[in-house]
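# Survey of secondary and tertiary structure
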Amino acid sequence: MPSETLNQFLNDNLQELKDQGLYNEINVVEGPNGPRITIDGKELINLSSNNYLGLATDDRLKEVAKDAVDSHGVGAGAVRTINGTLDLHVKLEEKIAEFKGTESAIAYQSGFNCNMAAISAVMDKNDAILSDELNHASIIDGCRLSKAKILRFNHSDMDDLRQKAKEAKESGQYNKIMIITDGVFSMDGDIAKLPEIVEIAKEFDLITYVDDAHGSGVLGKGAGTVKHFGLQNDIDFQMGTLSKAIGVVGGYVAGKQNLIDWLKVRSRPFLFSTSLSPADVTACTKAIDLLMESTELHDRMWENGDYLKKGLKELGFDIGDSETPITPCVIGEEKATQEFSKRLFDEGVYAKSIVFPTVPKGSGRVRNMPTAAHTKEMLDEALAIYEKVGKDMGLI
Ligand SMILES: *Cc1c(COP(=O)(O)O)cnc(C)c1O
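Residues numbered from 1 in each chain as written. Predicted model: local features only at pLDDT ≥ 70, side-chain atom pairs only at ≥ 80, totals over all residues. Heavy atoms only, no water.

### Comments concerning the UniProt feature "domain: Aminotransferase class I/classII large" (unreviewed entry) in the protein
Within this numbering scheme, the UniProt entry marks residues 43-383 as carrying the feature "domain: Aminotransferase class I/classII large" (unreviewed entry). Helix makes up 45% of residues 43-383 and strand 16%, with an end-to-end C-alpha separation of 16 Å. (UniProt positions renumbered as here; feature names shortened; annotations may be inferred. Helix = DSSP H or I, 4+ residues; strand = E, 2+ residues; numbered from the N terminus.)

Here's what the structure looks like:
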């Protein structure tokens, strides 16, 4: 007998979301997630992926992934600590450490999983974590899982951080205190103030943790936000994902040897969840190789980002203060934002609307992620559609 209590809970809550217009209908992409995608048989210019460098569909990665299936099979067969550590995993981790300029690195099955794993392996109920209020959901969940006291500070507000770090330190209540932040914030494209954060960390003896999901491949000539500021020796945890600029799937922490040794014996998803597949790790290793060999993709992505930003600005849109290719187009009111995104879709641009509660009320936006795989023609086409819809709706 299915539970009637569950049934009622699900139906009531689903209905409530639908009534509020908050129920997300999932779009199915028919084919690869490239610069153009097909949804419901309709071809669209794709401005919503995190595939920054276009590597998700790169032929060189596809090639090595196929070879890895032939040589190692489709699955790793076990968790890392039993016998799911293949030579391919070791190669990837060595490559990540080289890329990040650290002694060592550890790979996980995803970035989300990595934050759940790494934070709670080091922090516990006798500790405190200073967390930027705009940090990603996986950081928030990772912090919660650790049972440490979470001290939120105002977004990139260094006075607030210093004050809260001082209070935490002087309270004498905590064994360890960590500061954790996104390297690049995904909604606005702004960069964390890492030099100041490192200074405050030194002053109050804080552990530093940077989640560089949106900075890796993008800043520091590709090596990330920490490299961008030349702080490789000052950040304890350089965390990142293999699913955005790297184009595949997985997550990692790069850092000192003893940190990685500890994570390998204490982080639960490493111990209790099967490791990344041979094709995935091999494609990731190849992607990092490509990034280290040449900045061509990185440079093209930045060019495209600058081009799209300039175009939208000239049309009269509010594109916020992004410091990276992430290009928000702020519409404001929630309903208008959703309508704008829908109209773009009808005209041939896929750019998802992001509204409260993901961003503050009244700051609804359509977020654009230009990639290295877009051509100028595609961006011009997208800009023409933006102009048409913006004028039709009286926004510009
Ligand atoms: C996307 C993202 C993650 C999760 O990475 P996945 O590899 O997709 O699980 C973690 N942190 C931040 C800041 C992200 O943007």
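There is more to say, and it comes next.
### A closer look at the domain arrangement of the protein
Domain annotation for the protein reports domain 1 (4-57 + 295-393) and domain 2 (73-293). Computed from C-alpha coordinates alone, the two centres of domain 1 and domain 2 are separated by 27 Å. Contact residues are listed per partner, giving 23 residues for domain 1 and 21 residues for domain 2. Applying the counting criterion to the domain 1 and domain 2 interface returns one salt bridge. A salt bridge links Asp188 to Arg365; its shortest N-O distance comes to 2.9 Å. Applying the counting rule to domain 1 against domain 2 returns nine residue pairs in polar contact (both at pLDDT 80 or more). Breaking the side of domain 1 that touches domain 2 down by element, the ones donating at least two residues are α12 (296-315) and β13 (364-368). In terms of residue count, α12 provides more of the side of domain 1 that touches domain 2 than any other element does, three residues in total. (Domains from an automatic or database assignment. Contact = heavy atoms within 4.5 Å. Salt bridge = Lys/Arg side-chain N within 4 Å of Asp/Glu carboxyl O. Polar contact = N/O pair within 3.5 Å; in protein donor to acceptor, adjacent residues only side chain to side chain.)

### Description of the site of the ligand
Around the ligand there are 13 residues in total, and Gly111, Phe112, Asp211, Thr241 and Lys244 lie nearest to it. Phe112 places a polar main-chain atom, nitrogen or oxygen, 2.9 Å from an oxygen atom of the ligand. Calculation on the ligand without its partners gives an accessible area of 370 Å², and the protein chains cover 86% of this total. Of the residues contributing to the shell around the ligand, the split by class is two nonpolar, eight polar and three charged. (Near = heavy atom within 4 Å. Areas by Shrake-Rupley, 256 points an atom, 1.4 Å probe, with all protein chains shown as cover. Nonpolar A, V, L, I, M, F, W, Y, C, P; charged D, E, K, R; others polar.)

### What to know about helix α11 (residues 278-293)
Think of an α-helix as 3.6 residues a turn; residues three or four steps apart then line up on the same face. The end-to-end C-alpha distance of α11, which contains 16 residues, comes to 23 Å, matching closely the 22 Å that a straight helix rising 1.5 Å per residue would cover. Within the span of α11, buried status applies to Pro278, Ala279, Val281, Thr282, Ala283, Cys284, Thr285, Ala287, Ile288, Leu290 and Leu291. Of the surrounding elements, those touching the buried residues of α11 are α2 (59-72) and α3 (87-100). (Expected span 1.5 Å × (residues − 1). Buried < 20%, exposed > 50% of the residue type's maximum accessible area, 1.4 Å probe, protein only.)

### Considering unusual backbone geometry
Leaving glycine aside, a negative phi is the common case for residues, and trans is the common case for peptide bonds. Cis peptide bonds are those with omega within 30 degrees of zero, and the linkage from Phe356 to Pro357 qualifies with 10°. Tracing the chain through its elements places Pro357 in the loop between β12 (353-354) and β13. Although it is not a glycine, Ser156 sits at a positive phi angle of roughly 50°. Overall, Ser156 belongs to the buried group, its relative accessible area being 9%.

### Digging into the pattern of salt bridges
Evaluated as defined, the whole model comprises 27 salt bridges. Here Lys264 ties to Glu93 by a salt bridge, and the two come within 3.7 Å at their closest N and O atoms. Within this pair, whereas Lys264 is found in helix α9 (residues 257-266), its partner Glu93 is found in helix α3, the two being separated by 171 residues in sequence. Residue class for Lys264 comes out partly exposed when judged on its relative accessible area of 29%. Lys166 is the salt-bridge partner of Glu170, the closest N and O atoms lying 3.4 Å from each other.

### Structural notes on the state of the cysteines
Scanning the model with the defined rule gives zero disulfides in all. With no disulfide partner, Cys114 has as its closest neighbouring cysteine sulfur the one in Cys143, 13 Å distant. A relative accessible area of 1% means that Cys143 is categorised as buried. (Disulfide = S-S within 2.5 Å.)

### A closer look at the sheet that holds strand β6 (residues 177-182)
Here seven strands make up an open sheet; going across it, the order is β3-β9-β8-β7-β6-β4-β5 and the pairing mixed. Each having just a single partner strand, β3 (104-108) and β5 (149-153) make up the two edges of the open sheet. With strand direction ignored, the average angle separating the axes of adjacent strands in the sheet is 20°. Bridge count for β6 against strand β7 (residues 207-211) is five bridges, and the pairing is parallel. Bridge pairing links Asp182 to Asp211 in β7. Across the sheet, helix α5 (residues 137-146) touches β4 (128-132), β5, β6 and β7, and the angle it forms with β6 is around 160°. Where α9 meets the sheet, its contacts fall on β3, β8 (237-241) and β9 (251-255), and the angle it forms with β3 comes to roughly 30°. (Pairing = 2+ DSSP bridges. Axes fitted to C-alpha atoms, helices over the stretch in contact; angles between N-to-C directions.)

### Digging into the environment of Gly73
Following the sequence through the fold, Gly73 ends up in the loop between α2 and α3. Residues in contact with Gly73, not counting those within four places in the same chain, are Ala68 and Pro278.

### Let's talk about the pairing of strand β2 (residues 42-46)
Sheet analysis places strand β1 (residues 36-39) next to β2, joined by four bridges and oriented antiparallel. If you follow Arg36 over to β2, its bridge partner there is Ile45. As consecutive antiparallel partners, β1 and β2 are separated by two residues, and within that stretch Asp40 has a phi angle of approximately 50°, a positive value. Here two bridges tie β2 to strand β11 (residues 349-350), and the two strands are oriented parallel to one another. What sits directly across from Asn46, in β11, is Tyr350.

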